[in-house]
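Spelled out, the chains give:
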Number of protein chains: 2
Amino acid sequence: MKLGLDVMGGDFAPKATIDGALLALQEISANDRIVLIGKKELIESELAARNVDAASFDIVDAPEEILMGEKPTKALQHKPNSSIAIGFHLLKEKKIDVFASTGNTGAMMVGAMYSVGPIAGISRPCVLGEVPKEKGGLNILLDIGTNSDCKPEILYQFGILGNIYAKAILQIENPKVGLLNIGEEDEKGNLLCQTTFPLMKASQDFHFVGNVESRDLFGDTADVLVCDGFVGNIILKQVEGMYTILRKRGVNDDFLNRLNYENLGGSPILGVNGGVVIGHGISNDKAIKNMLLLSKKVADSNLVERIKTALLPYTKTI
Amino acid sequence: MKLGLDVMGGDFAPKATIDGALLALQEISANDRIVLIGKKELIESELAARNVDAASFDIVDAPEEILMGEKPTKALQHKPNSSIAIGFHLLKEKKIDVFASTGNTGAMMVGAMYSVGPIAGISRPCVLGEVPKEKGGLNILLDIGTNSDCKPEILYQFGILGNIYAKAILQIENPKVGLLNIGEEDEKGNLLCQTTFPLMKASQDFHFVGNVESRDLFGDTADVLVCDGFVGNIILKQVEGMYTILRKRGVNDDFLNRLNYENLGGSPILGVNGGVVIGHGISNDKAIKNMLLLSKKVADSNLVERIKTALLPYTKTI
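Since this is a predicted model, take the numbers as computed values, not measurements.

Residues in a regular strand project their side chains so that they alternate between the two faces of the sheet. Residue and element names in this part refer to chain A. Extensive coverage of strand E1 (residues 2-6) is indicated by the burial of four of its five residues. Pairing of E1 with strand E2 (residues 33-38), which is carried by five bridges, proceeds in the parallel orientation. Bridge pairing in E2 places Leu5 opposite Leu36. Read from E1 through helix H1 (residues 15-25) to E2, the crossover connection turns out right-handed. Bridging between E1 and strand E4 (residues 98-101) involves three bridges; their strand directions are parallel. Each bridged residue has a counterpart across the sheet, and for Leu3 the counterpart in E4 is Val98.

Structure follows, in structure tokens:
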């Protein structure tokens, strides 16, 4: 597989991205190639400084750079030679199998929509987050991204996407899909949940286990927790905040440590016509490595094709 | 002050409620009386079993009981002699100054609405939660209750209510009021936040500090965090879940321990014509004690009158 990496993305680029790529190189197979996308001279000098043969990687020159604060759409229009624009161009041309970046998240989302585009039948692509289960393994939370206001049909589709991801990437045979809610009873919640519940309950697309409360975020009641992007983002940032406080206070606990974003490998964008993974802006080399390993899983598992197949029945009705 | 306690409410009633009342008795002043509301014979036998003079308390007989699972409106209609119905009757008649219960939350909410009723100008009463600031003191989160779907004007009122509470109960001179959101920039968030932001920014009622992210829940960016009841409830239950896991795993940290619901004393219902505090169903004696001490603060601070005064300008326009 060809794993495209935006070398320029993130707070510690290009050093952290290059170091992360080197770490990943030791764990991928001989058939895989990491494609470094960024300022070619910079990449080559960083590799030389580490005594690494530049031929260990494919390198694609991207002389421009989209910064963290830039408006996504404008930046992509004005910087066609940026690492993000070129990454998506390569993805669309199938010259890479997956594209990963810790750069401007908005630009990654917009880039995905306007290059490979949404999969037929998908109304709103979403961003998926993984959180550790207390007893081992991972739970999925989606959307954690930009879909702040959702309709029931959108949440239903998140259920489909999360279900396929849990099967393909987490190897869960029959994932339990739950609706994140403020109570377990069928009729609980806001209007969105109340109208989504019957749709999910009647689902033939996934195994719906009902409403799940947020106190079960790390539990085993559901493998896939569906919510709108506002709620998902609020929850994940709250977990991050609590993790940060407790770590800073010196708490050292195996479960708490598993909440470290470095271990989680980033967040795939689901529902677009190509493998896309976004990572935390503050990513260090270990986080970059794990983002690349997750990207490899996304490519190896044929995730995008599996989603396309699952959405086929919906291409005419939604 | 007369502090009314629903002796029958909660998972461990009446033992935990009686024990909690006895603990509170040692910390309140000679001018205060705790009014035990519940099955009189049961209360008297519980007091006798502890060798406590029944005259230490006022006792009001309430021979009926609303159970945790009952539908609030129906239960209150069919059980006019339940401890919750009688508690609200006493509150309306000003025979108690505040009413506290760890019983059926829905019945407490409905009881408040149909007995003392909402304060003039208040569209939707709400439930307030306290969380510890990392550096000491408390932050306020509201709504954490039943207002799952809110309009911008409702969130704005939560800002007013939280502001007065922070002044009256937490003794914060000029509380910082923030809008809980998924980014700090003005235009961030879902439609509700986007439309609430300009209302709050123009506020003459409180000191608005802008959008606050959930990773600052325990921080000092804002003293009062405003959100709809769905989001507030999701966050608090997530914190509770994480707290429970880490404590179970043996993590012992001062900040983490401050998240224990026992210390937090329960959640006031704000915006109704009387002091009302609801507590966690699993409350033990210490939690009951703290709920009573919080109830005393609600009564002593004249919170309800202060809210009425603040809402006066809105009694004709909303």
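A word on the sheet that holds strand E9 (residues 224-226) of chain B. Residue and element names in this part refer to chain B. With respect to topology, eleven strands assemble into an open sheet ordered E3-E2-E1-E4-E11-E10-E5-E6-E9-E7-E8, the strand pairing being mixed. Because the sheet does not close on itself, it has two edges, and the strands there are strand E3 (58-61) and strand E8 (207-213). Adjacent strand axes in the sheet meet at a mean angle of 25°, parallel and antiparallel pairs treated alike. Where strand E5 (residues 126-132) lies against strand E10 (residues 267-270), two bridges are found, and the strand directions are antiparallel. Bridging from a neighbouring strand, Cys126 pairs with Leu270 of E10.

Moving on: the state of the cysteines. Tallied over the entire structure, the rule returns zero disulfides over all chains. In this model Cys193(B) remains outside any disulfide bridge; the closest cysteine sulfur is found in Cys227(B), 8.9 Å from its own.

This brings us to the relation of the copies chain B and chain A. Each copy superposes on the other: chain B lies on chain A with an RMSD of 0.0 Å after a rotation of 180° and an axial shift of 0.0 Å. Here the transformation between the copies is reduced to the relation of a two-fold axis. Same-surface contact between copies: 100% of interface residues of chain B are shared with the interface of chain A.

Take the interface of chain B and chain A next. Of the residues lining the interface, 39 residues belong to chain B; the matching set on chain A comes to 39 residues. Around 3,700 Å² of area is buried between chain B and chain A when both sides are counted, 63% of it from carbon and sulfur atoms. At the boundary of chain B with chain A, the tally comes to ten salt bridges. Between Arg215(B) and Glu240(A) there is a salt bridge, with its nearest N and O atoms 3.3 Å apart. Our count for the contact surface shared by chain B and chain A stands at 16 residue pairs in polar contact (both at pLDDT 80 or more). For the side of chain B that touches chain A, the secondary structure elements donating two or more residues are strand E7 (176-181), helix H7 (191-201), helix H8 (229-248) and helix H9 (254-258) of chain B. Sorting elements by how many residues they give to the side of chain B that touches chain A places H8(B) first, with 15 residues. Looking at the side of chain B that touches chain A, its residues break down into 19 nonpolar, eight polar and twelve charged.

Ranked by internal contacts, the top residues of the largest apolar core, which has 219 residues, are Leu36(A), Leu142(A), Leu36(B) and Leu142(B). Contact partners of Leu142(B), with chain neighbours within four places excluded, come to Cys126(B), Val127(B), Leu128(B), Phe158(B), Leu161(B), Gly162(B), Val224(B), Leu225(B), Val226(B), Cys227(B) and Leu270(B).

Both faces of strand E10 (residues 267-270) of chain A are covered, namely the face carrying Ser267(A) and Ile269(A) and the face carrying Pro268(A) and Leu270(A). Taking the residues that link successive antiparallel strands as the turn, the E10(A)-strand E11 (residues 275-278) of chain A hairpin has four residues, and the phi of Gly271(A) there is positive, at about 100°.

Residue and element names in this part refer to chain B. Checked against the element boundaries, Phe12 lands in the loop between strand E1 (2-6) and helix H1 (15-25). Judged by its relative accessible area of 48%, Phe12 falls in the partly exposed class. For Phe12 and Phe208, which are 196 residues apart along the polypeptide, the C-alpha to C-alpha distance reads 41 Å. Excluding residues within four positions of it along the chain, Phe12 makes contact with Ile282 and Ser283.

Looking at chain A as a whole, the pLDDT averages 95, with 99% of positions reaching at least 70. Listed scores for the predicted complex are pTM 0.94 and ipTM 0.93.

Another point: the packing of H1(A) against helix H11 (residues 285-300) of chain A. All names here are of chain A. Where H1 contacts H11, the two axes come as close as 7 Å, and the packing angle between them is 55°. Judged by the angle between their axes, H1 and H11 are oblique. The element H1 and its partner H11 pack so that their crossing is right-handed. Residues Ala16, Thr17, Asp19, Gly20, Ala21, Leu23 and Ala24 of H1 lie in contact with H11, whose contacting residues are Asp285, Lys286, Ile288, Lys289 and Leu292. For the contact of H1 with H11, a count of residues per class yields six nonpolar, two polar and four charged.

As a further point, take the pattern of salt bridges. All names here are of chain A. Enumeration over the complete set of coordinates arrives at 44 salt bridges over all chains. A salt bridge links Lys2 to Asp58; the nearest nitrogen and oxygen atoms lie 2.8 Å apart. Here the residue Lys2 occupies a position in strand E1, and Asp58 occupies one in strand E3 (residues 58-61), the gap between them amounting to 56 residues. Glu46 is paired through a salt bridge with Lys15; the nearest N and O atoms lie 3.1 Å apart. Placement of the pair is Glu46 in helix H2 (residues 40-49) and Lys15 in helix H1, with a sequence separation of 31 residues. Beyond isolated ion pairs, a larger network of salt bridges with shared partners links Lys15, Asp19, Glu46 and Arg50.

Moving on to the packing of aromatic side chains. The final tally for this structure, using the stated rule, is ten aromatic pairs over all chains. Note on Phe218(A) and Phe255(A): the rings are 5.2 Å apart at their centroids and 80° apart in plane angle, and the pair reads as edge-to-face. Taken together, the positions of Phe218(A) in the loop between strand E8 (207-213) and strand E9 (224-226) and Phe255(A) in helix H9 (residues 254-258) put the pair 37 residues apart, joining distant regions of the chain. Overall, Phe218(A) belongs to the buried group, its relative accessible area being 2%. Ring centres 5.1 Å apart and planes at 80° place the aromatic pair Phe88(B) and Phe99(B) in the edge-to-face group. Of this pair, Phe88(B) sits in helix H4 (residues 83-92) while Phe99(B) sits in strand E4 (residues 98-101); the two residues are eleven residues apart in sequence, bridging distant segments of the chain. Taken individually, Phe88(B) and Phe99(B) each receive the classification buried, so the pair is uniform in this respect. Clustering of aromatic rings is evident, with ring pairs tying together Tyr156(A), Phe206(A) and Tyr314(A).

What follows covers the environment of Ser101(B). Residues and elements named next belong to chain B. Within the secondary structure, Ser101 is located in strand E4. In sequence terms Ser101 and Asn163 are 62 residues apart; their C-alpha atoms lie 24 Å from each other. Apart from residues lying up to four places away in sequence, Ser101 is in contact with Asp6, Ile84, Met108, Val277, Ile278, Gly279 and Met291. Side chain to side chain, Ser101 and Asp6 meet in a polar contact 2.7 Å long. Looking at Ser101, its side chain comes within polar contact range of the main-chain nitrogen of Gly103, at 2.8 Å.

Cut-offs and rules
- Residues numbered from 1 in each chain as written.
- Chains lettered and ligands numbered in written order.
- Predicted model: local features only at pLDDT ≥ 70, side-chain atom pairs only at ≥ 80, totals over all residues.
- Heavy atoms only, no water.
- Buried < 20%, exposed > 50% of the residue type's maximum accessible area, 1.4 Å probe, protein only.
- Helix = DSSP H or I, 4+ residues; strand = E, 2+ residues; numbered from the N terminus.
- Pairing = 2+ DSSP bridges.
- Right-handed = clockwise from strand over helix to strand, strands pointing away.
- Axes fitted to C-alpha atoms, helices over the stretch in contact; angles between N-to-C directions.
- Disulfide = S-S within 2.5 Å.
- Least-squares fit on C-alpha atoms with pLDDT ≥ 70 in both.
- Contact = heavy atoms within 4.5 Å.
- Buried area = accessible area lost by both parts, 1.4 Å probe.
- Salt bridge = Lys/Arg side-chain N within 4 Å of Asp/Glu carboxyl O.
- Polar contact = N/O pair within 3.5 Å; in protein donor to acceptor, adjacent residues only side chain to side chain.
- Nonpolar A, V, L, I, M, F, W, Y, C, P; charged D, E, K, R; others polar.
- Core = buried A, V, L, I, M, F, W, Y, C linked by side-chain atoms within 4.5 Å.
- pLDDT = per-residue confidence, 0-100.
- Parallel < 35°, antiparallel > 145°, perpendicular 65-115°, else oblique.
- Left-handed = near helix turned anticlockwise from the far one by under 90°.
- Phe/Tyr/Trp six-rings, centres within 6.5 Å; stacked < 30°, edge-to-face > 60°.

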